[in-house]
Structures are given as structure tokens and as C-alpha cells.
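Structural features, examined
Listed below, chain by chain, are the residues.
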Amino acid sequence: MEGGLPEKYRVAIVGSGNWGCVAAKLIATNTLKHNIFHDEIRMWVYAETLPNGEKLVDVINQTNVNVKYLPVRGANMLVFVTPHQFVEDACKRLAGKLRGDTEAISLIKGMEVKVDVPSMISSLISKQLGVDCCVLMGANIADEIAEEKFSEATLGYRENREVAERWARLFATPYFAVTPVQDVEGVELCGTLKNIVALAAGFVDGLGMGSNTKAAIIRIGLNEMRAFSKRLFPSVQDDTFFESCGVADLIATCFGGRNRKVAEAFVINEGKRTFDELEAELLQGQKLQGVLTAKEVYGVLERNGWFDVFPLFTTIHDICVGNKSPSAIVRLYQL
Ligand SMILES: NC(=O)c1ccc[n+]([C@@H]2O[C@H](COP(=O)([O-])OP(=O)(O)OC[C@H]3O[C@@H](n4cnc5c(N)ncnc54)[C@H](O)[C@@H]3O)[C@@H](O)[C@H]2O)c1
Ligand SMILES: O=P(O)(O)OC[C@H](O)CO
């Protein structure tokens, strides 16, 4: 309590990539608007030098977004938005430095597989930091939200509706509609697995196939997403796949996402350039999630003997690592 008034919630953002910076804009709108939030937002920025020699932290501090490069100490609402391969390291740096009343939310689309046992990123954050962690996923291509084009998002929460509504209040704007759903794993797996299907959409585009083929890939992909999610977490609800995090994100990513774009280039270059090379050239510092997620999911399929049940996921990984040609994507059911 400050002077008898309830203490305001303090927000910090862990991650400063494409989505992190746009999410900061949404949050800044609401911390200025709603009295329950402190209007200063702190951002944890990975210390790196950009190809033009400028320091990322300097670039961010020069923007009009109301963010500052400061440690997250003092914050009690933590927003995680790094590429998924970096979150564990970020958590290690934060462990032991957080307030006892800290809550977290993950905007990260990805999973962590250790010795073939999958763990969702929200669980990893919860375990490593001892905090409750919601998730926010959806058809949210960051560049479009930066231009304030209308989008929807799904907020997955475990039990506490009040906490979910506070997070929704932090993100929602007239052009960014947030729907809470009590299904953390379902929401998070939708966001994670759609990145694999987006690669298949890119292969199809690179092969010059048409809308029917892409629609087929999206349909098969959605089915595999649902089946895989329910095998890992039987509590996952079918309805979640009809929220923004499900079918809507799948459509957005299969038409406008970075995974699609790089996978298309992979086919056009006839596999002569690796995904790493194409990522560096086409995304200029942004990170692909789909190729790594395809590998992680492949490990789970292999361990459980599930290749036959998930022919699309299996084939996408095989294409990524050069074991099959991209045209295998349309021969999934060949006898
Ligand atoms: N970009 C989008 O449109 C979008 C939309 C919704 C969700 N997401 C998800 O949000 C997450 C973050 O995506 P993004 O687009 O903001 O990131 P990005 O692709 O822009 O990530 C690049 C960032 O990673 C940071 N980085 C590089 N190496 C690092 C390291 N070793 N440790 C920590 N950070 C490092 C860099 O500072 C850089 O800013 C991903 O899971 C993504 O799937 C992205
Ligand atoms: O650009 P992608 O393929 O990483 O997709 C971005 C977002 O996840 C779309 O919601």
C-alpha cells in the first residue's frame, strides 16, 4: 500500500523482438489508461549489436514507445516474449530476483523438449520462477498490429479468472480483442504447432500449387494439431481450436507469416540454401520457430511410435532436414 491506496501493478517485458515491441505498444496504451497499472513499463533487452553497428537497446530507447531498458526488478506482471529457444536462459537470469506476488504471461509460441519429454513454455516459466503463467496466442502478425489493424487474441488461463481479466485489460484495445479461455495447454499448443503447419504452407507455395492444396494442408494440419494436443494433454478442449489461437492463427500464419515465407524460399532455392541461411537473409535478425518446433515434435512422435498418426508433422520435419523432397508434402496418403 502506498499512502493507503492499493499498490499499482508494475509491468516488465522479457524480450524485445518484433512481437515484443508491438506488445509493448498495446501495453503502454493500457498502463496510461487504467489506474491499476503503473505507467512505466520496463523491458529486458537481449544485449546485441545490429548489422548496422547500432546497439539494439539504443534503438529501442529512441522509439516513441514508452519503454525503458531496465532490469525487471520491482515488476509483478511479467510478459515473456522471446523466441522460445531463449526463454530458459532468460528464466535462469531472473530466478531469485522476482517479487513474491509476481504473475507471468507467455506470448511465446514454442515448446521445450528434454530427453523427448515435452514441456510447454508456460510450465517451464512456472517451474523455473515459481509463478503462475497464463498465455496469449492468436492470429497476431506483429507488423499488422503495429499498424492498428483489427486482430483477435486468445488468453489461456488455468484457474484464476480474475488474474486472466487483469491480463486481458493490459492487452486489449479497440483494435486488439482478447478472449479468455480456461485451457492453457490448448491455447499454447495451438500457437506452437501452427508454426509447423506454416512451413508446409510455404512448401506448397514454393511448389506453385494452388488454393485447394493449401486449404488441404491447413485442414490436415488443424486435425494433427488437435490430435497431438489431446494426446499430450487430454484436458485440451475442442472449442479452443475455433478461437483466434486455433483456426484463425493457422490461416494468418499460412498466408502472411515468416515460417511460410522462409519455407517457400527453401523450395525455390531447391534445398541448396539451409533454413539458417534463409532465416538470416530474409528475416534480418528475427527468428523462425517452425523448424525447431518440427524437430522437437518429431522427437515426441518417434519416442511414442506415432509417425503413422501424424503424417504431415513427420513429413514436414523430413523435408526440413533433407530426407524428403518438398513434393512429399502432397504425397502424405500415397499407398
Ligand atoms: N513476430 C510476430 O508476428 C509474432 C506474433 C505472435 C507471436 N510471436 C511469437 O513471439 C515470440 C517472439 O517473437 P518475436 O517476433 O518478438 O521475436 P523475433 O523473431 O523478432 O526475435 C528476435 C529477437 O531475439 C533476440 N535474441 C537473439 N538472440 C537471443 C538470445 N540468445 N537470448 C535472448 N534473446 C535473443 C533478439 O534481441 C531479437 O530482438 C516467438 O515465440 C514468436 O513465435 C511472434
Ligand atoms: O511470422 P510467424 O510465422 O512466426 O507467425 C507470426 C505469428 O505467430 C502469427 O500469429
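Residues numbered from 1 in each chain as written. Chains lettered and ligands numbered in written order. Predicted model: local features only at pLDDT ≥ 70, side-chain atom pairs only at ≥ 80, totals over all residues. Heavy atoms only, no water.

To continue, consider the confidence of the model for the chain. Confidence in the prediction of the chain, expressed as mean pLDDT, is 92, and 92% of residues score 70 or more. In the model output, the complex is listed with pTM 0.94 alongside ipTM 0.97. (pLDDT = per-residue confidence, 0-100.)

Excluding glycine, most residues fall at negative phi; most peptide bonds, likewise, are trans. The backbone of Glu148 shows a phi angle near 60°, a positive value even though the residue is not glycine. Along the chain, Glu148 turns up in the loop between helix H5 (142-146) and strand E9 (151-156). (Helix = DSSP H or I, 4+ residues; strand = E, 2+ residues; numbered from the N terminus.)

Further remarks concern the site of ligand 2. Lining the immediate environment of ligand 2, one finds Lys109, Gly138, Ala139, Asn140, Ile141, Lys194, Asp249, Thr253, Gly257, Arg258 and Asn259. Within the contact set of ligand 2, an oxygen atom lies 2.7 Å away from a side-chain nitrogen or oxygen of Lys194. Contact distances for ligand 2 include 2.7 Å between an oxygen atom and a backbone N or O atom of Arg258. Listing elements by their share of the shell around ligand 2, those giving two or more residues are helix H9 (244-256) and helix H10 (258-268). Classifying every residue of the shell around ligand 2 gives two nonpolar, five polar and four charged. No fewer than three residues from each of domain 1 (9-182) and domain 2 (193-334) sit in the shell around ligand 2. (Near = heavy atom within 4 Å. Polar contact = N/O pair within 3.5 Å; in protein donor to acceptor, adjacent residues only side chain to side chain. Nonpolar A, V, L, I, M, F, W, Y, C, P; charged D, E, K, R; others polar. Domains from an automatic or database assignment.)

Let us look at the site of ligand 1. The full set close to ligand 1 counts 23 residues, and Asn18, Trp19, Glu48, Ala142 and Lys287 are the nearest of them. At a separation of 2.8 Å, an oxygen atom of ligand 1 approaches a polar backbone atom of Trp19. In this structure, an oxygen atom belonging to ligand 1 sits 3.4 Å away from a main-chain N or O atom of Gly20. Per-class residue counts for the shell around ligand 1 are ten nonpolar, nine polar and four charged. Each of domain 1 (9-182) and domain 2 (193-334) contributes no fewer than three residues to the shell around ligand 1.

Considering all chains together, one arrives at nine aromatic pairs under this definition. With a centroid separation of 6.3 Å and an interplanar angle of 90°, the aromatic rings of Phe228 and Trp306 are classed as edge-to-face. One end of the pair, Phe228, is in helix H8 (residues 211-232); the other, Trp306, is in the loop between helix H12 (290-304) and helix H13 (311-320), with 78 residues separating them in the sequence. Since its relative accessible area comes to 0%, Phe228 is described here as buried. Classification of Trp306 as buried rests on a relative accessible area of 15%. Taking the centre distance of 4.4 Å and the plane angle of 15° together, the rings of Phe266 and Phe275 count as stacked. Phe275 matches Phe266 in its accessibility class, with the two residues each being buried. Three or more aromatic residues link up through ring pairs in this structure, and these residues are Phe228, Trp306, Phe310 and Phe313. We note Lys214 situated over the ring of Phe255; from NZ or CZ to the ring centre the distance is 4.1 Å. (Phe/Tyr/Trp six-rings, centres within 6.5 Å; stacked < 30°, edge-to-face > 60°. Buried < 20%, exposed > 50% of the residue type's maximum accessible area, 1.4 Å probe, protein only. Lys NZ or Arg CZ within 6 Å of the ring centre and 35° of its normal.)

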